[in-house]
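Okay, here's what each chain looks like letter by letter:
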Amino acid sequence: MRKFSLVEFSVNHPKLVVLLTIIVTLVSMTQFTKIRTDTNPKHMLPETSEVRLWNDDVDKAFSLYEDMIVVGIENEKGVLNKDTLGKIIRITDEILKIKGVATRDVNSFPTITNVSAEESALKVAPLMTEVPKDDTEMQRLRKMLFENPLFINRIISKDGKTTAIYIPLEKGANGKEIADKIREIVSKEKGDEKYYIAGDPVARDTFGVEMFKLMAVFAPIAGMIMLIVRYLMFRDIFLSVTLMMDAMVSIVWSMGLLLALGFPVHIMTSMAPVFLMAIATDSIHIFNEFYFRCREKTDKKTAIIETMHAVGRPVRYTALATAVGFGVLLFMHIIPVKVFGGMVAFGTVALRILSFSFIPAMFTFVKDEHIEKASRSEDAESGRTSQFLKKLAGFGAHKPKTTVFIGLIFFVLAIIGITKTVVNNNMVEWFKRDSEVRVADTVMNQALGGTSLGYVVAISETEDFIKTPEAMRYIEGLQRHIEKLPVVGKTSSVVDYVKRINRVLHDNDPKYDVVPETKDTIGQYLFLFSMSAKPTDLDNVVDYPFKKANIWVQLKTWDAQAMRDVIKAVDEYKISNPIQMELRPAGIAYFNLIWNDEVLSDMIKGFIIALIVVFVILVFNFHSVKWAIVGYTPLLFTILLIYGVVGFIGKDFDMPIAVLSCLSLGMAVDFAIHFISRFKQRVKEQEDAGVPASITDALLWTAARPGKGIMRNAVLFASAFSVMLFAPLTPYITVGAFIVSMMLLSAVMTIIFLPALIMLLQGWLFKCNKCL
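As a starting point, this report considers the structure included with it. (Residues numbered from 1 in each chain as written. Predicted model: local features only at pLDDT ≥ 70, side-chain atom pairs only at ≥ 80, totals over all residues. Heavy atoms only, no water.)

Focus: the overall build of the chain
Applied cut-off: Strands are runs of DSSP state E lasting at least two residues, helices are runs of H or I lasting at least four, and both sets are numbered from the N terminus onward. When a residue's accessible area, from a 1.4 Å probe over protein chains only, is under 20% of the maximum for its type it is buried; when over 50% it is exposed; and in between it is partly exposed. We call two residues in contact whenever any of their non-hydrogen atoms come within 4.5 Å of each other. Using the Shrake-Rupley algorithm and a 1.4 Å probe, accessible areas are obtained, with residue cover drawn only from the displayed protein chains. We treat Lys and Arg as the positive residues and Asp and Glu as the negative residues; His and chain ends play no part in the count. In this description, the location of a charge corresponds to atom NZ of lysine, CZ of arginine, CG of aspartate or CD of glutamate.
Helix and strand counts for the chain stand at 29 helices and nine strands. For the C-alpha atoms alone, the extent of the chain along its principal axes is close to 110 × 50 × 50 Å. Counting all 772 residues of the chain, 60% fall into the buried class. Within the chain, contacts between residues separated by at least 24 positions form 80% of all contacts whose residues are at least 6 apart in sequence. Here the chain displays about 31800 Å² of accessible surface, and carbon together with sulfur accounts for 60% of that area. Of the side chains in the chain, 85 bear a positive and 80 a negative charge, and the two mean positions are spaced by 9 Å.

Here we look at the sheet that holds strand β7 (residues 488-492)
Note the following rule: Any two strands with at least two DSSP bridges between them are considered paired. Only the stretch in contact is used when fitting a helix axis, every axis being a line fitted to C-alpha atoms; angles between N-to-C directions are given from 0 to 180 degrees.
Strand order in this open sheet of four strands is β7-β8-β6-β9, and the pairing throughout is antiparallel. The two strands at the open ends of the sheet, each matched to only one other strand, are β7 and β9 (582-586). The sheet shows a mean angle of 25° between the axes of neighbouring strands, taken without regard to direction. Of the strand pairs in this sheet, strand β6 (residues 452-459) and strand β8 (residues 548-555) are connected by eight bridges, and their pairing is antiparallel. Residue pairing for β8: Tyr-455 is matched across the bridge by Trp-552. Most of the contacts of helix α3 (residues 50-61) go to β9, to which it runs at about 105°, and overall it touches β6 and β9.

Comments concerning the nonpolar core
Our working definition: Here, the term nonpolar core denotes a set of buried Ala, Val, Leu, Ile, Met, Phe, Trp, Tyr and Cys residues that are joined through side-chain atoms within 4.5 Å.
If you look at the biggest cluster of nonpolar residues, it comprises 243 residues, and the most contacted ones within it are Phe-109, Leu-127, Ile-167, Ile-182, Val-494, Val-566 and Phe-721. Residue contributions to this core peak at 17 residues, all from helix α28 (residues 730-760). Those residues in contact with Phe-721, other than ones at most four positions away along the chain, are Val-274, Phe-275, Ala-278, Val-735, Gly-736, Ile-739 and Val-740. Counting nine residues, the second-largest nonpolar core is a separate cluster that includes Val-18, Val-249, Ala-350 and Met-362.

A word on the pairing of strand β2 (residues 113-118)
As paired elements, β2 and strand β3 (residues 121-126) share six bridges and run antiparallel to each other. Bridging across to β3, Glu-118 finds its partner in Ala-121. In textbook terms, the turn of a hairpin is the stretch between consecutive antiparallel strands, and for β2 and β3 this stretch comprises two residues, one of which, Glu-119, has a positive phi near 55°.

Things to note about the side chain of Thr-364
Structurally, Thr-364 is set in the loop between α13 (358-363) and α14 (368-375). Non-local contacts of Thr-364, meaning those with residues more than four positions away in its chain, are made with Val-11, Pro-14, Lys-300 and Ile-304.

Quick notes on the sheet that holds strand β1 (residues 68-74)
Either a parallel or an antiparallel arrangement is found when strands of a sheet pair, and the pairing is made through backbone hydrogen bonds. Spatial ordering of the open sheet is given by β4-β1-β5, a layout of three strands whose pairing is antiparallel. The sheet is open, and its two edges are formed by β4 (162-168) and β5 (194-198), each paired on a single side. Across the sheet, the mean angle from the axis of one strand to that of its neighbour is 20°, orientation sign disregarded. Of the strands in this sheet, β1, β4 and β5 are in contact with helix α4 (residues 82-95), which crosses β4 at around 10°. The strands that helix α6 (residues 175-187) touches are β1, β4 and β5; relative to β1, the one it contacts most, it runs at about 25°.

Side note on the packing of aromatic side chains
Test applied: Note on ring pairs: Phe, Tyr and Trp rings are taken, using the six-membered ring of Trp, and paired if centres are within 6.5 Å. Classes follow the plane angle, with under 30 degrees stacked, over 60 edge-to-face and the rest tilted. For a lysine, the NZ atom is tested; for an arginine, the CZ atom; a charge sits over a ring if that atom is within 6 Å of the ring centre and within 35 degrees of the ring normal.
Tallied over the entire structure, the rule returns 12 aromatic pairs. Summarising the aromatic geometry, the rings of Trp-430 and Trp-595 are spaced 6.2 Å apart at their centres and angled 75° between planes, so their arrangement reads as edge-to-face. Highlighted residues: Trp-430 in the loop between α16 (400-418) and α17 (436-447) and Trp-595 in helix α23 (residues 588-622), separated in sequence by 165 residues. Ring centres of Phe-615 and Tyr-632 lie 5.3 Å apart, and the angle between their planes is 65°; on these two criteria the pair is classed as edge-to-face. Of this pair, Phe-615 sits in helix α23 while Tyr-632 sits in helix α24 (residues 625-649); the two residues are 17 residues apart in sequence, bridging distant segments of the chain. Exposure remark for Phe-615: the relative accessible area of 23% places this residue in the partly exposed category. Arg-584 extends its terminal NZ or CZ atom over the ring of Trp-54, reaching a point 3.8 Å from the ring centre.

Here's the deal with the environment of Val-328
Residue placement: Val-328 occurs in the loop between α11 (300-327) and α12 (335-355). Through-space distance from the C-alpha of Val-328 to that of Phe-212 is 26 Å; in sequence the pair is 116 residues apart. Not counting the four nearest positions on each side in its chain, Val-328 is found in contact with Gly-606, Ile-609 and Ala-610.

Honestly, that's just the spatial picture; any functional story needs more than this.
See the structure below:
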């Protein structure tokens with residue numbers, strides 16, 4: 001019984017194949033109504049991850065909010081004047097009306113709790129209920145602000161030029177939407193003040209909105225660029241649109257599956273359409289060979305079938321290598337990365353199915369005169385591109401030792417550059433330097449304690465231990481130790497409230513700005529404070545069995561390394577000051593650190609798995625370990641060289657680059673598979689024809705004919721990703737620059753280095769003398 005051939009079936013039933021493709025595509029499009037985005041960093045890790053569970057426990061124990069927006073108000077003349085203070089009150093009042101704001105816990109001049117004494121009695125009340133009427137009241141406000149360490153660098157800068165409004169959000173509130181409403185409020189105020197809106201939810205949700213826009217805009221633009229470049233290559237609009245349709249169909253299928261399974265769109269999955277658009281360029285090898293075959297065959301169907309027979313094996317194995325490169329991401333812990341890997345792996349498989357069905361079917365609709373016109377320029381002997389590629393390959397083939405020696409020099413430099421890389425994730429730096437989000441964060445970090453928040457939780461097994469002078473002084477000492485770090489802008493804890501109460505109840509005498517001597521006194525102070533203050537004032541820093549205390553640590557940067565420095569300082573303090581209390585980090589800054597470490601761990605694990613699996617694929621494809629090693633070399637060299645450049649220019653090794661480290665193997669190996677497979681085919685054809693096999697001639701032919709497809713593939717791939725270089729978000733720019741560089745460099749390395757390696761190792765690679 002004759003073996004079924006998808007290509008032959010598609011060529012004989014082109015209308016049916018196209019109809020089935022359209023039906024599946026339309027069904028997939030019905031899922032697009034379910035689309036939603038998710039940029040919450042908490043969702044990067046599984047719900048069962050230790051850091052998520054611990055942070056949730058801390059939030060519950062201390063009545064903390066998951067998200068907080070910080071509004072900065074700056075006046076170069078100082079904020080302590082009637083006009084500015086009036087604006088602060090009006091802005092605060094309007095913010096309290098916004099849906100999604102946890103109004104009872106907004107902290108600003110009019111709402112923050114101030115601890116003072118009146119007639120030897122503790123007074124706990126809002127700092128400023130109305131604008132001071134005269135200079136005396138203004139001086140009194142100034143004194144209350146600058147004598148209270150809880151306020152300095154939190155709601156008032158040391159120079160008095162900046163204040164802040166801290167706005168906690170209810171669970172599920174959208175930070176971008178609330179930030180936009182705040183912008184509307186402050187835009188109504190006129191004067192010398194400048195307003196800045198910062199905080200993790202602002203960066204996160206703004207990024208989500210921008211990400212969604214880029215996904216909707218960049219994929220069509222990338223497709224249009226590729227269509228234009230493809231037309232310039234083949235001068236046939238129908239075939240150019242066919243390859244474009246191939247990519248678009250796979251994108252619709254992949255997005256449809258993603259949404260049908262209930263997954264949201266994350267930062268990485270938002271890039272998937274452009275990736276699939278670029279991966280679809282591997283079909284260029286089919287187009288490339290088809291035009292060469294059309295010059296040699298008069299029957300179109302025969303040319304199609306022979307084309308698929310010639311390039312079918314390398315196309316299948318390159319698809320497998322690419323799918324594996326992305327599929328490796330499924331083994332990672334970062335959820336959006338896993339989803340992205342599965343989505344693009346599925347899309348890659350879909351593309352290859354379309355390559356053996358939809359594309360051959362569409363070839364049958366192309367008019368013969370169009371094929372004849374386009375194929376005239378496809379001449380491996382006289383074409384300018386082919387001649388250029390022959391010269392490139394000739395350099396490697398005729399001067400293999402020189403080529404390899406130059407490569408070794410760059411290899412050493414790349415290794416040096418890689419040693420300089422720093423793994424770091426900072427969502428604020430995902431925006432450009434002049435963006436509103438990044439400018440606001442920079443200004444607020446310079447003027448006040450910092451917009452990034454971490455916690456250090458002190459835990460005792462003994463009830464009421466936190467009330468003891470021993471525990472209080474230990475926490476105070478830890479705060480002073482942490483504050484020595486340049487990345488720490490401010491710390492606060494229950495100790496600061498106790499010391500403040502102690503001082504004001506002793507006529508504001510500075511010598512009483514200390515922890516009281518007895519546990520009973522501390523307990524009385526905390527009881528008095530809890531009776532008058534907002535519930536969360538005390539809840540945020542201590543639990544009611546008084547077994548846990550929460551130290552707030554404001555950081556002046558969102559860099560993951562900042563929280564690592566805090567943890568190191570805490571560990572040092574524990575060693576030099578042993579006590580029966582456990583100290584554990586928590587908060588969003590701690591989550592970012594763990595996430596950062598997971599990225600590094602996943603990168604190493606995924607990269608090793610990808611190295612092994614891609615090598616195994618090469619062995620199976622070439623039926624030889626030797627040829628697999630040769631095919632492996634240029635792609636490893638390319639990746640190392642690009643990572644070396646990343647290290648030398650000081651670019652942080654963040655999540656997008658870490659993910660690319662795995663999938664780049666799958667993409668870069670495509671060229672080696674095509675080159676070596678077609679080279680070995682050429683040698684065999686020479687032997688079968690009884691022509692003395694010349695390795696040099698076979699290498700030059702491979703560079704001129706299949707090599708033209710490789711260069712076209714690289715140019716198309718690079719053109720698709722070049723659109724990302726103009727994105728307003730730096731991860732997209734990073735991915736665009738990385739992929740453009742990798743594809744172009746990988747193609748050139750394949751054309752130059754493979755001939756050099758094959759010539760140097762020909763005695764090892766070829767067993768028979770007639771192949772030499």
